[in-house]
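# Structural characterization, general
Single-letter residue listing:
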Amino acid sequence: MTASFSNLSLAEPLSRAVAEMGYESMTPIQAQAIPVVLTGKDVMGAAQTGTGKTAAFSLPLLQRLLKHENASTSPARHPVRALVLLPTRELADQVAQQVKLYAKYTNLRSAVVFGGMDMKPQTLELKRGVEVLVATPGRLLDHIEAKNAVLNQVEYVVLDEADRMLDIGFLPDLQRILSYLPKQRTTLLFSATFSPEIKRLASSYLNDPVTIEVARPNETASTVEQHFYSVNDDDKRRALRQIVRQRGLNQAFVFVNSKLGAARLARSLEREGMKTTALHGDKSQDERLKALEAFKKGEVDLLVATDVAARGLDIKDVPAVFNFDVPFNAEDYVHRVGRTGRAGASGLAVTFVSNSDGRLVADLEKLLKKKIELEAIEYEEDKPRGRINDGRRAWREAGELGDPRDVLDAPPPERERPARPQREFRSPAVSRDPFFDQPYQPPAADAAPAWESSTRAATSKISANIKPKRKVAALFKPEQA
DNA sequence: AAAAAAC
């Protein structure tokens, strides 16, 4: 028996919006979380991604904002009463759009603030007053410090992707934000993954919380078919092409571990004739939103992304996810794979495991609590001819590609490398900064103006910094493999 | 071995 939204007795404006969106029965996380959030208690919620988490917290939150008058006598008619924090800009954007839809027929106002966009329009919206504020941490702090956002009347805080928000990279910002909020408030934490440490840390932010676990945490959807292939780093691209062709995939996410890697891979796939775009944090926000939009519209087939896109992004009907690189954090595997097989659809997740990934695969087995079977690929294409320019690559190619976990404790074989040429250390006789450290010399009457020579000095300084690097790289290139 | 979040 599935619970339905109509049994919830949501306020009329909310049920009207829900009906208009075509929602009828609730997903398990919604059925469990909504009644609890309606009581105003703290919640720690673990639910698989793609199961309607956003509605699970925003609908009851809006309901409470409607039902309970703001107790304070603030002059601001629309103080921020609910704050929703997310770890990426795209996610903040997406959640804010959903909240807007749910709140469409209410008088409640909402806004979203995140970095990479002009501060001014955001400031205007904040000054006008919003009850629900969706934000990424950095930009929110900017607005707090500029006194654009006043958070001393916040009644509800939601940390979506809570384990990421509590990890070391975000924690300082998060703590500063929380320090601006009233102690007396409701805190809601949601994520698909919770490591034991994060769980402990999280509970220190919660007051007598209700724990909701709809599925076992750290679990991928059962509708996703998962494969792990042993692939040489040099064969990954043709493996990708082959699987896309064999499976007749019309679209896929391709995850890599670095921004540079994403840019490079996207470029080479594009050159090989696949409609590809990249999404990573070195792109401008405009480019990021455009890349995502193009993928959503089906204008590109492959979205090569860093983990900026690993979490929460809700794109319908993505048939497959490739882990071109095994993710550094096992948790991120669960999130990446969660981009496919959403809302009960089927999906395919393919992970390329290269020889140096033994540790990561072992971590993954621990998190997923299951043995990972590595499969081999039979290539249909010939191997592209490539230069051997690296001793380690030669070693990889010489040996058979076995299970990388077998060499977990074995160091890679010693390889001969030319002795590093000792570079003389010369202590500078004079400091190289022309302005500050040199005794002043009156310029000759016909000398170039000072700014020109300092520009030259700066330029030569820069090239001095670049050139040796190139030389060193050339020196290390082995004569032959 | 990295990414994300502020200019």
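Reading the values: rules and limits
- Throughout this description, residue numbers start from 1 for each chain and increase along the sequence as written.
- All chains are assigned letters beginning at A, and all ligands numbers beginning at 1, according to the order in which they are written.
- Side-chain atom pairs in this predicted model are given and counted only at pLDDT of 80 or more, local residue features only at pLDDT of at least 70, and totals for whole chains, interfaces and linings cover all residues.
- Note that water and hydrogens are dropped before the side-chain values are worked out from all heavy atoms of the structure.
- UniProt positions are given in the numbering used here, feature names are shortened, and annotations may be inferred rather than shown by experiment.
- Secondary structure elements are defined from DSSP: runs of H or I of at least 4 residues count as helices, runs of E of at least 2 residues count as strands, and each element is numbered from the N terminus.
- Buried, partly exposed and exposed residues are distinguished by accessible area as a fraction of the type maximum, computed with a 1.4 Å probe on protein chains only: under 20%, between the cut-offs, and over 50%, respectively.
- Any two residues whose heavy atoms approach within 4.5 Å are treated as being in contact.
- Surface exposure here means Shrake-Rupley accessible area, sampled with a 1.4 Å probe, where a residue is shielded only by the protein chains that are shown.
- Ring pairs are drawn from Phe, Tyr and Trp, using the six-membered ring of Trp, whenever the two centres fall within 6.5 Å, and their geometry is named by plane angle: stacked under 30 degrees, edge-to-face over 60, tilted for the rest.
- Either the NZ atom of lysine or the CZ atom of arginine qualifies as a charge over a ring when it sits within 6 Å of the ring centre and within 35 degrees of the ring normal.
- For this analysis, a polar contact is any N or O atom pair within 3.5 Å, provided that within protein one partner can donate a hydrogen and the other can accept it, and provided that sequence-adjacent residues contribute only side-chain to side-chain pairs.
- A pair of strands is considered paired only if DSSP assigns at least 2 bridges between the two.
- For our purposes a nonpolar core is just a set of buried Ala, Val, Leu, Ile, Met, Phe, Trp, Tyr and Cys residues, chained together by side-chain atoms within 4.5 Å.
- Definition used for salt bridges: Asp or Glu carboxyl oxygen within 4 Å of a side-chain nitrogen of Lys or Arg.
- The axes are straight lines fitted to the C-alpha atoms, using for helices just the contacting stretch, and the angles between their N-to-C directions are given from 0 to 180°.

Under an unreviewed UniProt entry, the name given to chain A is DEAD/DEAH box helicase, and the source organism is Caenimonas terrae. Annotation of chain A in UniProt includes, under Sequence similarities (unreviewed entry), the sentence "Belongs to the DEAD box helicase family."

In this section: the overall build of chain A. Helix and strand counts for chain A come out as 16 helices and 14 strands. Per-residue burial over chain A gives 47% buried out of 481 residues. Within chain A, counting contacts between residues at least 6 apart in sequence, those at least 24 apart form 76% of the total. Split by element, the accessible area of chain A, about 25900 Å² in all, is 51% carbon and sulfur.

Right, let's talk about the packing of aromatic side chains for a bit. Overall, the coordinates contain eight aromatic pairs when judged by the stated rule. Residues F228 and Y333 carry aromatic rings whose centres are separated by 5.6 Å and whose planes lie at 25° to one another, so their mutual orientation is stacked. Of this pair, F228 sits in strand β8 (residues 224-230) while Y333 sits in helix α13 (residues 330-337); the two residues are 105 residues apart in sequence, bridging distant segments of the chain. Summarising the aromatic geometry, the rings of F253 and F255 are spaced 5.4 Å apart at their centres and angled 5° between planes, so their arrangement reads as stacked. By relative accessible area, which is 0% here, F255 ends up buried. Counting every residue linked through ring pairs, the aromatic cluster contains F5, Y23 and Y102. When the ring centre of Y105 is taken as origin, the NZ or CZ atom of R16, which lies over that ring, is 4.1 Å away. When the ring centre of Y379 is taken as origin, the NZ or CZ atom of R238, which lies over that ring, is 3.9 Å away.

This part covers the environment of T39. Among the structural elements, T39 can be located in helix α2 (residues 28-39). From its side chain, T39 meets the backbone oxygen of V36 in a polar contact 2.5 Å long.

According to UniProt, the feature "domain: DEAD-box RNA helicase Q" (unreviewed entry) maps to residues 3-31 in the numbering used here. Summarising residues 3-31: 45% helix, 0% strand, and an end-to-end C-alpha distance of 6 Å.

Our next topic: the sheet that holds strand β13 (residues 347-353). Taken in spatial order, the seven strands of this open sheet run β10-β11-β9-β12-β13-β8-β14, and their pairing is parallel. Looking at strand neighbours, the two that pair on one side only are β10 (276-279) and β14 (374-375), the edges of this open sheet. Sheet topology places β8 next to β14; two bridges connect them, and they run parallel. Opposite F228, over in β14, you have L374 as the bridge partner.

What follows concerns the nonpolar core. If you look at the biggest cluster of nonpolar residues, it comprises 56 residues, and the most contacted ones within it are V134, L188, F190, F253 and A309. With seven residues, the top contributor of residues to this core is helix α3 (residues 53-67). Apart from the residues within four sequence positions on either side, A309 is in contact with F253, F255, L279 and R339. Residues L85, L133, L166 and L189 belong to the second largest nonpolar core, which totals 33 residues.

Inspection of every chain in the model, using the stated rule, returns 28 salt bridges. Its salt-bridge partner being D208, residue K41 comes within 3.6 Å of it at the nearest N-O pair. Residue K41 is located in the loop between α2 and β1 (43-46), and its partner D208 is located in the loop between α9 (196-203) and β7 (210-213); the two are separated by 167 residues in the primary sequence. Among the residues examined, K41 registers a relative accessible area of 36% and is labelled partly exposed. When its relative accessible area of 53% is taken as the criterion, D208 is described as exposed. The shortest N-O distance in the salt bridge between R342 and D314 comes to 2.7 Å. Of this pair, R342 sits in the loop between α13 and β13 while D314 sits in the loop between β11 (302-305) and β12 (320-323); the two residues are 28 residues apart in sequence, bridging distant segments of the chain. It is possible to trace a salt-bridge network through shared partners that takes in K53, D160, E161, D163, R164, D167, R311 and D332.

Before going further, it helps to examine the sheet that holds strand β5 (residues 156-160). One key point about sheets: their strands pair by backbone hydrogen bonds, in either a parallel or an antiparallel sense. The strand order across the open sheet built from seven strands is β3-β4-β2-β5-β6-β1-β7, with neighbouring strands paired in parallel fashion. Two strands close off the open sheet at either side, each with one partner strand: β3 (110-113) and β7. When the angles between neighbouring strand axes are averaged without regard to direction, this sheet yields 15°. Examined bridge by bridge, β5 and strand β6 (residues 186-191) share five bridges and lie parallel to one another. Residue V157 lies in a different strand from β6, and its bridge partner there is T187. Against the sheet, α3 makes contact with β2 (82-85), β4 (132-135), β5 and β6, and its axis sits at roughly 175° relative to β5, the strand it touches most.

Moving on to unusual backbone geometry. Even without glycine at this site, K147 takes up a positive phi of about 60°. Owing to a relative accessible area of 64%, K147 belongs among the exposed residues under this scheme. You will see that E161, though not glycine, has its phi angle at about 55°, which is positive. Within the element layout of this structure, E161 appears in the loop between β5 and α7 (162-165). Given the relative accessible area of 3%, E161 is considered buried.

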